[in-house]
Amino acid sequence: MTDNLNLTMLVDFYEFTMANGYFEKGFRNQIAYFDMFFRKVPDDGGFAIMMGVEQLVQYLQNLRFEQEDIDYLRGKKIFSEEFLDYLAKFQFSCDVWTIPEGTPIFPQEPIVTVRGPVIEAQFIETMILLTVNHQSLIATKANRIVRAAEGRAVMEFGSRRAQGYDGAMLGARAAYIAGCCGTACSISDRDYGIPALGTMAHSWVQLFDSEYDAFKAYAEIYPENCILLVDTYNVLKSGIPNAIRVFKEVLLPKGFRPKGVRIDSGDIAYLTKKMRRMLDDAGFCDCTITASNSLDEYIIRDTLMQGAKIDSFGVGERLITSRSEPVFGGVYKLAALEKNGEIVPRIKISENTTKITNPGFKQVYRLYSKESGEAVADVITLRGEEIDDSKPYEIFDPDHTWKRKKLTNFRAEKLMVPLFINGKCVYQCPDVHSVKQYCAEQIDKLWDEVKRFENPHKYYVDLSPKLWKMKEELLEQYSEGR
C-alpha cells in the first residue's frame, strides 16, 4: 500500500538542524549506533508486541529528497548549499537490525538498532519511532482484549474512531496480527488480506417502515450470511422477536440457517442471557450473538464473569486508539560511536534511573526452558558475546544484583535480525497471516503469570556481566565529572 510513498520529509525539524551541524563540523562520515527501546508496558501489562517492521522496511527503501524538498529547505535560509547538495544526492547506507514483528518485547531492551553515518542514523529517528510505536501500541492493546475474550472471536471495529486514515489501516493490521479475527476496515482487506467483516448499521433498520421489513429485506439479499442488528428499538420486545420471525419465514424456507444477531447497546450481560434463551427456545441454538459498544478487556472480562452469552465481540475506539493508555513511549538513543576502528560506548545519565541508557552495540537473547518450552528471561549482551546454552548460565537483576539465578537445561536464541546491510534490504517480510501465527506461538511461550492484567509477573530482562560492567564504569566515570 505504501511501497512508493515517499515519507522522507516526515521528520522532526531538529533532525535537519543537527544533520547540517554534523555536516559543517566534519562529522559526515562519523559512524554511530542508535537503539530504539521503550521504558514501560502500556496499561501496566507484562509484555508488549513488536510491530511495524514491514512499514519500516518500506520507508527505508524509499528514502530520497525531491527537488521540492530541497527548495523548501533552501527557503529556510539556515542550511549550507553543500549540505543541500548532499541531501539531493542522498543514498541510505546504514545497517539496521530489529526484533521481528509479532515477538513479545520488554522494557529497556533494544528493539531496533541502527549503525551508520550519524547524519543518516539520526535522521530516521522520527519515522522509526512513529512506525514502531503506533503499531506496537495497538497490537499490545488488541492482544489484551483478545485474551480477555477467552477464545471468542474479536473483530476490530475502530476505523471511524482512529487517529487518521493511516491509524485505521495500520491499526487494523496490528490488531489482526495480535489476535483479532478481522476488521471493519475494507482497505486493510484489499491491501493486507485481513478479513473485512460487517453487516448493517442502525440506519438500515431506521430506513424501512418497520424493523421486520428491514430484517426481511436483509435476509432476502444475504441469506447465506444473515446477521441482524437487534437493538435499534427494543432488544427483547421487538429486535429478537422480529429476527426470529424472519429466520422462520425467510431463511428456513430457502434452506438457510441464521448466522447471528448483534447487540450494540444496553446491559449486555443481562440482555444476552435473555436473547440466548429466546433464540434457543425458537430452535436457533446455532445462531450466534455478537456484542459491540465501547468495549475493552475489562468490560469483556466482567460481562463474561456475569454469565453473558456472547460468541464474539466487535471492539472499536478503545482498541484502535488504545484509549486507556494511548502512548507507547519508545525512544531512540545514541549508544556508541566508532573511532579509529573501535566501538566507543555512549550513555545517557539521568536522576530518573529508568532513563539511564544501556551503552554499546548490543544483541538480545531469549532463554527458553527446554523442559517446558517457555521463555524464562531475556539477556542483553554486547555484540560478539555468545551465550553457550550447553553450560549453566547465571542471570542477575541489573538493578538489584544480589538477585541471581543459575539456569540449566535451556535454549538461547538471538532475537535481533538484520533488515538492511550497507543500505540494502536483506530481509524478506513474511505475509501478515504468517506473522499472526508466529505472534500467537510466541505469546504461548510466555508464563501465564506474565499475561495477568493486574500485577503481572515482571519478566526478567538482564544484562550480561560484560555489558553490566561497561555500564557501571561509564556511570562511575561521568559521576566523577570527567
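Preceding this paragraph is the structure being described.
Computed from a prediction, not measured in an experiment: that's the story for all the values here.

Peer 1: For this particular structure, what's the right way to read unusual backbone geometry?
Peer 2: Across residues other than glycine, the phi torsion is negative in most instances, and most of the peptide bonds are trans. One non-glycine residue, Asp 43, adopts positive backbone phi at about 60°. Within the fold, Asp 43 resides in the loop between β1 (31-37) and β2 (48-49). For Glu 150, which is not glycine, the phi torsion reads 55° and is therefore positive. For Glu 150, the location among the structural elements is in the loop between α6 (125-148) and β6 (153-156).

Peer 1: Got a minute to help me understand the packing of aromatic side chains in this structure?
Peer 2: The description of an aromatic ring pair uses the distance of the two centres, along with the angle that the planes make with each other. Evaluated as defined, the whole model comprises 24 aromatic pairs. Here the aromatic rings of Phe 34 and Tyr 332 are separated by 5.0 Å at their centres, their planes lie at 5°, and the arrangement is stacked. Taken together, the positions of Phe 34 in strand β1 and Tyr 332 in strand β12 (residues 331-339) put the pair 298 residues apart, joining distant regions of the chain. Comparing Phe 34 with Tyr 332 shows no difference in burial state: the two are buried. Within the aromatic cluster, the residues linked to one another by ring pairs are Phe 13, Phe 16, Phe 23, Phe 65, Phe 79, Phe 83, Tyr 86, Phe 90 and Phe 123. Sitting over the face of the ring of Phe 396, Arg 404 holds its NZ or CZ atom 4.7 Å from the ring centroid.

Peer 1: Whenever I open this one, the pattern of salt bridges confuses me. Can you help?
Peer 2: Note that side chains of opposite charge can pair when their charged atoms are close. All chains considered together, the criterion is met by 34 salt bridges. In this structure, the salt-bridge partner of Arg 173 is Glu 54, at a minimum N-O distance of 3.1 Å. Within this pair, whereas Arg 173 is found in helix α7 (residues 165-177), its partner Glu 54 is found in helix α2 (residues 53-61), the two being separated by 119 residues in sequence. Given the relative accessible area of 1%, Arg 173 is considered buried. On the basis of relative accessible area, Glu 54 is assigned to the buried category, the value being 18%. Across the pair Arg 173 and Glu 101 runs a salt bridge whose closest N-O atoms are separated by 2.8 Å. With Arg 173 in helix α7 and Glu 101 in the loop between β3 (95-98) and β4 (104-105), this pair connects stretches of sequence that are 72 residues apart. As far as burial versus exposure is concerned, Arg 173 and Glu 101 are alike and both buried. One continuous salt-bridge network, built from bridges that share partners, spans Asp 43, Lys 141, Arg 144 and Glu 297.

Peer 1: Just checking my understanding: could you explain the side chain of Thr 126 for this structure?
Peer 2: With respect to the helices, strands and loops of the structure, Thr 126 is situated in helix α6. By relative accessible area, Thr 126 is classed as buried at 11%. Separated by 3.5 Å, the side chains of Thr 126 and Glu 15 make a polar contact. If we ignore the near neighbours within four places in the chain, the residues touching Thr 126 are Leu 10, Val 11, Asp 12 and Glu 15.

Peer 1: I'm lost on the pairing of strand β5 (residues 112-117) in this one. Help?
Peer 2: Both faces of the sheet carry side chains from a regular strand, because those side chains alternate between them. With respect to burial, β5 is a largely interior element, five of its six residues being buried. Across six bridges, β1 lies against β5 in antiparallel orientation. Looking at β5, one finds that Ala 32 is bridged to Gly 116. Alignment of β3 against β5, held across four bridges, turns out to be antiparallel. Directly across from Val 96, in β5, lies its bridge partner Val 114.

Peer 1: Got a minute to help me understand a positive patch on the surface in this structure?
Peer 2: A surface patch of like charges, here positive, comprises Lys 273, Lys 274, Arg 277 and Lys 309. By secondary structure assignment, the location of Lys 274 is in helix α12 (residues 268-281). The exposure class assigned to Lys 274 is partly exposed, which follows from its relative accessible area of 33%.

Peer 1: Would you explain empty space enclosed by the protein in this entry?
Peer 2: Where empty space is left becomes clear once a probe the size of a water molecule has been rolled over the atoms. Under the criterion given, the structure shown has two cavities of 30 Å³ or more. In this structure, the largest cavity occupies an estimated 70 Å³ of space. Along its surface, the largest cavity is lined by Asp 35, Phe 37, Gln 108, Pro 110, Lys 333, Leu 334, Ala 335, Ile 356, Thr 357, Asn 358 and Lys 362. Looking at the lining of the largest cavity, the elements that each hand over two or more residues are β1 and β12. Of all the elements, β12 adds the most residues to the lining of the largest cavity, at three residues. When grouped by side-chain class, the residues that make up the lining of the largest cavity number five nonpolar, three polar and three charged. Roughly 40 Å³ of internal volume is contained in the second largest cavity. Forming the walls of the second largest cavity are Val 41, Pro 42, Gly 45, Gly 46, Phe 47, Thr 140, Arg 144, Arg 147, Val 450, Lys 451 and Arg 452. Here the lining of the second largest cavity is composed, by residue class, of four nonpolar, three polar and four charged.

Peer 1: What is the right way to look at the nonpolar core in this model?
Peer 2: What tends to happen in soluble globular proteins is that the nonpolar side chains get buried as a cluster. With 136 residues, the main nonpolar core has Val 112, Ile 124, Phe 247 and Val 261 as its most contacted residues. When residues in this core are grouped by element, the largest group, 11 residues, is from α6. Excluding residues within four positions of it along the chain, Ile 124 makes contact with Tyr 59, Leu 60, Leu 63, Phe 92, Val 114 and Tyr 332. In terms of nonpolar packing, the next biggest core, distinct from the first, is built from 11 residues, Ala 377, Val 379, Ile 395 and Ala 412 among them.

Peer 1: Explain the sheet that holds β6 here, please?
Peer 2: What links the strands of a sheet is backbone hydrogen bonding, and the strands pair in either a parallel or an antiparallel sense. Taken in spatial order, the six strands of this open sheet run β7-β6-β11-β10-β9-β8, and their pairing is parallel. A single partner strand is all that each edge strand has here, and the edge strands are β7 (182-183) and β8 (227-229). Judged from the two bridges that link them, strand β10 (residues 288-291) and strand β11 (residues 312-315) form a sheet pairing that is parallel. Considered in β11, the bridge of Ala 291 is made with Phe 313. Lying over the sheet, helix α11 (residues 235-251) contacts β8 and β9 (260-263), oriented at roughly 160° with respect to β9. In this fold α12 packs onto β9 and β10, with an angle of close to 165° to the strand it touches most, β10.

Thresholds applied
Residue positions are given per chain, counting from 1 as you read along its sequence in written order. Where local features are concerned, this predicted model is filtered to residues with pLDDT of at least 70; where side-chain atom pairs are given and counted, the filter is 80 or more; whole-chain, interface and lining totals use all residues. In computing side-chain values, all of the structure's heavy atoms are included and hydrogens and water are not. For the purposes of this entry, the term helix denotes a DSSP run of H or I that reaches at least four residues, the term strand denotes a run of E that reaches at least two, and both are numbered from the N terminus. The aromatic pairing rule takes the rings of Phe, Tyr and Trp, using the six-membered ring of Trp, and pairs them if the centres are within 6.5 Å, calling planes under 30 degrees apart stacked, those over 60 edge-to-face and the rest tilted. Classification of residues uses two cut-offs on accessible area relative to the type maximum, computed with a 1.4 Å probe and protein chains only: under 20% is buried, over 50% is exposed, and between them is partly exposed. Comment: the charge-over-ring label is applied if NZ (Lys) or CZ (Arg) is within 6 Å of the ring centre and within 35 degrees of the ring normal. We define a salt bridge as a side-chain nitrogen of Lys or Arg found within 4 Å of a carboxyl oxygen belonging to Asp or Glu. Nitrogen and oxygen atoms within 3.5 Å of one another constitute a polar contact, given that in protein one can donate a hydrogen and the other can accept it, and given that sequence-neighbouring residues count only through two side-chain atoms. Should any heavy atoms of two residues lie within 4.5 Å, those residues are counted as being in contact. Two strands pair under a simple rule: DSSP has to find at least two bridges between them. Patch membership is restricted to residues that have no salt bridge and whose relative accessible area is over 30%. Joining uses 9 Å for like charges and 5 Å for the nonpolar side chains Val, Leu, Ile, Met, Phe, Trp and Tyr. To be clear on the numbers: accessible area is Shrake-Rupley with a 1.4 Å probe, and residue cover counts the displayed protein chains and nothing else. Here Asp and Glu are counted as negative and Lys and Arg as positive; His is not counted, and neither are the chain ends. For this purpose, a charge sits on NZ of Lys, CZ of Arg, CG of Asp or CD of Glu. Throughout, the protein atoms alone are placed on a 1 Å grid, and a set of points is a cavity if a 1.4 Å probe fits but cannot get out or a pocket if it is open with protein on both sides within 12 Å along at least five of seven lines; lining residues have an atom within 4 Å of a point. Grid points are joined across faces, edges and corners, and a volume is the space filled by probe spheres set on the points. Under this grouping Gly is polar, as are all residues other than the nonpolar Ala, Val, Leu, Ile, Met, Phe, Trp, Tyr, Cys and Pro and the charged Asp, Glu, Lys and Arg. Among buried residues, the Ala, Val, Leu, Ile, Met, Phe, Trp, Tyr and Cys ones that are joined through side-chain atoms within 4.5 Å form a nonpolar core. Structural elements are reduced to axes, namely lines fitted to C-alpha atoms, with helices fitted over the stretch in contact, and the angle between N-to-C directions of any two is expressed from 0 to 180 degrees.

By themselves these figures say nothing about function.
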